[in-house]
Amino acid sequence: MQDSIRAIQWDGDVLKLLDQRLLPHQEIYIEYRDVGAIAEAIQDMVVRGAPAIGITAAYGVVLAAKHHLEKSPDNWRTTIQADLDTLARSRPTAVNLMWAIERMRRVITQASAEPLNDLLREAKRIHEDDIAANKAMGEFGAQLIETPCGVLTHCNTGSLATGGYGTALGVIRSAYAADKITAVYADETRPWLQGARLTAWELAKDQIPVTLIVEGAASHLMKQGKVAWVIVGSDRIAANGDVANKIGTYQLAVSAKYHDVKFMVVAPTSTVDLNIAGGDDIPIEARSPQEVLNISGQAIAANGAQAWNPAFDVTPAALIDAIVTEKGVVLQPTTGKMLAMMEKS
Ligand code: MRU
């Protein structure tokens, strides 16, 4: 099974991020030594995808701690707090970001003689655990696919969006390796084109054939019987199983229900937010209208047009057949089933 991409790399005392804004045309890693620049990289989509954002923030906390320990060794646990807040504000929907910062915050509060070592160990553990979770989810999700079929995915949920291997794309990798997938369709995912630029690039690199569609073709694809499953990731899952994910996911779920196509959400438990009872309370990031009005700095809309650019939407649990986490599968999610899954060790 191919899995060749690692977009987040810790190298000595430097964080290297593959600049996802430049893919698929250029593969350039940017080096970060400063937490403020890392917060900007998250906001500006150098790195994106919920688990990847969390891992990046964890390494950002390590760099922030190094700075504050050097500047104010007696007071660093206080002076670092503003940097943690800046990181947490960089993108509002992906709860993995706040989850990772919270884990790092717990290490900061421990009175240790080697805080930097402890923080780096925790960041690396968050990174490695994410890859392990993805591989476990890959197996669980692949088992749900009973007969070889076509699948449709949305946005990018692969190695680029995680520590490695991917969530929904991890299931697709595992199921493809088990000969359960006859065709992978990826929709282009406006406005950032994560499907066209990133998912297609990743799958091509790992030699999994992919067919790109425009988002408007998804219902037609389902009507033609070309896919049996829609498989997507998530940025935040509420306690009742409502799922926030890249804008356009909700309409895929509505259409999947109508066409009797199954709908699978794949996300680690770090994406589940039990503090939020239902999807209506999940904060939805509003991004700049310019992202809709332009592509790669080139205006595509008529002068004077306005644009509305919510980055995510919420799919109600009632439209979801399965939520796959590293702890197992929740079929037809409800609050009770989600709580039971989260309590598993
Ligand atoms: O705006 P993005 O590219 O960060 O959005 C990413 C998604 O919506 C993914 O589907 C989600 O984060 C899950 S990634 C494993």
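Data block above holds the structure.
What counts and how
- Residues numbered from 1 in each chain as written.
- Predicted model: local features only at pLDDT ≥ 70, side-chain atom pairs only at ≥ 80, totals over all residues.
- Heavy atoms only, no water.
- Pairing = 2+ DSSP bridges.
- Helix = DSSP H or I, 4+ residues; strand = E, 2+ residues; numbered from the N terminus.
- Near = heavy atom within 4 Å.
- Polar contact = N/O pair within 3.5 Å; in protein donor to acceptor, adjacent residues only side chain to side chain.
- Areas by Shrake-Rupley, 256 points an atom, 1.4 Å probe, with all protein chains shown as cover.
- 1 Å grid on protein atoms, 1.4 Å probe; cavity = no way out; pocket = protein on both sides within 12 Å on 5 of 7 lines; lining within 4 Å.
- Sits in = over half its atoms within 2 Å of the grid points.
- Domains from an automatic or database assignment.
- Core = buried A, V, L, I, M, F, W, Y, C linked by side-chain atoms within 4.5 Å.
- Buried < 20%, exposed > 50% of the residue type's maximum accessible area, 1.4 Å probe, protein only.
- Contact = heavy atoms within 4.5 Å.
- Arc of directions from axis to C-beta.

Caption draft 1: Main features of the sheet that holds strand β11 (residues 272-273). The strand order β11-β8-β9-β14 describes an open sheet built from 4 strands, whose pairing is mixed. In the strand order of this sheet, the two ends are held by β11 and β14 (312-315), each with one partner. In the sheet, strand β8 (residues 236-238) pairs with β11 via 2 bridges, with the strands oriented parallel. Looking across to β11, one finds that alanine 238 is bridged to aspartate 273.

Caption draft 2: The arrangement of the site of the ligand in detail. Taken together, 18 residues lie near the ligand, and Arg48, Arg91, Gln194, Asn245 and Lys246 sit nearest. Contact between the ligand and arginine 91: an oxygen atom at 2.8 Å from a side-chain N or O atom of the residue. Interatomic distance of 2.8 Å between a side-chain N/O atom of glutamine 194 and an oxygen atom of the ligand. Across the complex, the protein chains shield 100% of the 410 Å² of accessible surface that the ligand would expose by itself. Assessed atom by atom at 2 Å from the grid points, the ligand resides in the largest cavity. Formed jointly, the shell around the ligand draws a minimum of three residues from each of two domains, domain 1 (8-132) and domain 2 (138-342).

Caption draft 3: Here's a closer look at the nonpolar core. Core analysis: the biggest nonpolar cluster contains 39 residues, and Leu15, Leu87 and Leu119 have the highest contact counts within it. Residue assignment for this core shows that the elements contributing at least two residues are β1 (8-11), β2 (14-18), α1 (35-43), α2 (50-71), α4 (81-89), α5 (95-109) and α6 (115-144). With 12 residues, α2 is the largest single contributor of residues to this core. Beyond its immediate sequence surroundings of up to four residues, leucine 87 is in contact with Val35, Ile38, Ala39, Ile42, Ala57, Gly60, Val61, Leu97 and Ile101. Tyr185, Val232, Leu252 and Val272 belong to the second largest nonpolar core, which has 26 residues in total.

Caption draft 4: Representation of the environment of threonine 147 in the model. With respect to the helices and strands, threonine 147 occurs in the loop between α6 and β4 (149-153). Between the C-alpha atom of threonine 147 and that of aspartate 179, which follows or precedes it by 32 residues, the distance is 9.3 Å.

Caption draft 5: Structural view of unusual backbone geometry. Each neighbour pair has its own omega, and for leucine 23 with proline 24 the value is 5°, a cis peptide bond. Assignment of secondary structure puts proline 24 in the loop between β2 and β3 (29-32). In the Ramachandran plot, aspartate 179 falls in the positive-phi region, its phi being about 60° despite a non-glycine side chain. Topologically, aspartate 179 is positioned in the loop between α7 (168-177) and β5 (181-187). Here the phi dihedral of glutamine 332 falls at roughly 40°; this positive angle occurs in a residue that is not glycine. Mapped onto the secondary structure, glutamine 332 falls in the loop between β16 (328-331) and α12 (335-343).

Caption draft 6: Highlighting α12. Buried residues of α12: Met338, Met341 and Met342, and no others. When α12 is viewed along its axis, its buried side chains cluster within an angular range of 95° and face the same direction. Packing partners of the buried residues in α12 comprise β8, β11, β15 (322-325) and β16.

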